[in-house]
Amino acid sequence: MRQAALIAGAAATALVATGAITYAVAGDDGGGRTPSAESADAGFARDMAVHHQQAVEMSYIVRDRTKDEEVRRLAYDIAQTQANQRGMMLGWLDLWGLPKVSSEPPMTWMDMGGMASGKDGALMPGMATNTELKKLGTLSGKQAEVFYLQLMTDHHKGGIHMAQGCVDKCAVGVEKRLAQGMVDAQQSEIGLMADLLKERGAAPRS
């Protein structure tokens, strides 16, 4: 039942993603103006694309490190959903004619440019360090499952914080809706991951 609900949620997310691209092409930008490179809309698209890419990477690592079908399906769902959303956000930057990188620190659009040190590859809150990613790739079985679930829980918490920032600050209607969808879906997945950790005699790191 739990897995069926997760798959249903993934399907709904995919439908939202498809609709979002249609709205973006149609010019549903909440005011008819192209966002500036310094806007919350552009900043969120750039930063969340980077944040999502790491989630995809972690998810594919754990799929190779465990045979547990529930964790493998969760990882696949996260990888597919976030890869699709990443493509949408990069596509919007192309539509707007804006750069995909910025000289400003991540999260400057949220007035939180100094929130993450960037040390060891953790560019934004919730992101795993390079050392943690390397460790994940050395674990297997239950150890890999627990570490992945802990890392992804932290990752989702950071992602929710950023997505809520877009809900509050972005001007493009379709982007605000996508961000709200991220908040809702990732909060649900945090609950699922807490259950999976408990089943394995573990708990979130924070």
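Residues numbered from 1 in each chain as written. Predicted model: local features only at pLDDT ≥ 70, side-chain atom pairs only at ≥ 80, totals over all residues. Heavy atoms only, no water.

## What to know about helix H3 (residues 69-96)
Then comes step 1: Between its terminal C-alpha atoms H3 stretches 40 Å, which fits the 40 Å expected from 28 residues at 1.5 Å a residue.
Then comes step 2: In this structure aspartate 68 caps H3, since a side-chain oxygen of it lies 3.2 Å from the backbone nitrogen of glutamate 70. (Helix = DSSP H or I, 4+ residues; strand = E, 2+ residues; numbered from the N terminus. Expected span 1.5 Å × (residues − 1). Polar contact = N/O pair within 3.5 Å; in protein donor to acceptor, adjacent residues only side chain to side chain.)

## Let's talk about the pattern of salt bridges
Then comes step 1: Scanning all chains against the criterion turns up nine salt bridges.
Then comes step 2: Through salt bridges with shared partners, a single network forms among Asp68, Glu145, Glu199 and Arg200. (Salt bridge = Lys/Arg side-chain N within 4 Å of Asp/Glu carboxyl O.)

## Considerations on the packing of aromatic side chains
Then comes step 1: Under the counting rule described, the total for this entry stands at two aromatic pairs.
Then comes step 2: Plain terms: the ring middles of tryptophan 92 and tryptophan 96 are 6.4 Å apart, the flat faces sit at 25 degrees to each other, and that makes the pair stacked. One end of the pair, tryptophan 92, and the other, tryptophan 96, are both in helix H3, four residues apart, so they sit about a helical turn from each other.
Then comes step 3: Exposure remark for tryptophan 96: the relative accessible area of 15% places this residue in the buried category. (Phe/Tyr/Trp six-rings, centres within 6.5 Å; stacked < 30°, edge-to-face > 60°. Buried < 20%, exposed > 50% of the residue type's maximum accessible area, 1.4 Å probe, protein only.)

## A closer look at the nonpolar core
Then comes step 1: One finds Phe44, Met58, Met89 and Tyr148 to be the most contacted residues of the largest nonpolar core, which totals 54 residues.
Then comes step 2: Elements that contribute at least two residues to this core include exactly helix H2 (40-63), H3, helix H4 (130-136), helix H5 (141-169) and helix H6 (173-199).
Then comes step 3: Among the elements that take part in this core, H5 stands out by supplying twelve residues, more than any other.
Then comes step 4: In this structure, tyrosine 148 is in contact with Met58, Ser59, Val62, Val71, Ala75, Ile78 and Leu136, ignoring residues within four places of it in sequence. (Core = buried A, V, L, I, M, F, W, Y, C linked by side-chain atoms within 4.5 Å. Contact = heavy atoms within 4.5 Å.)

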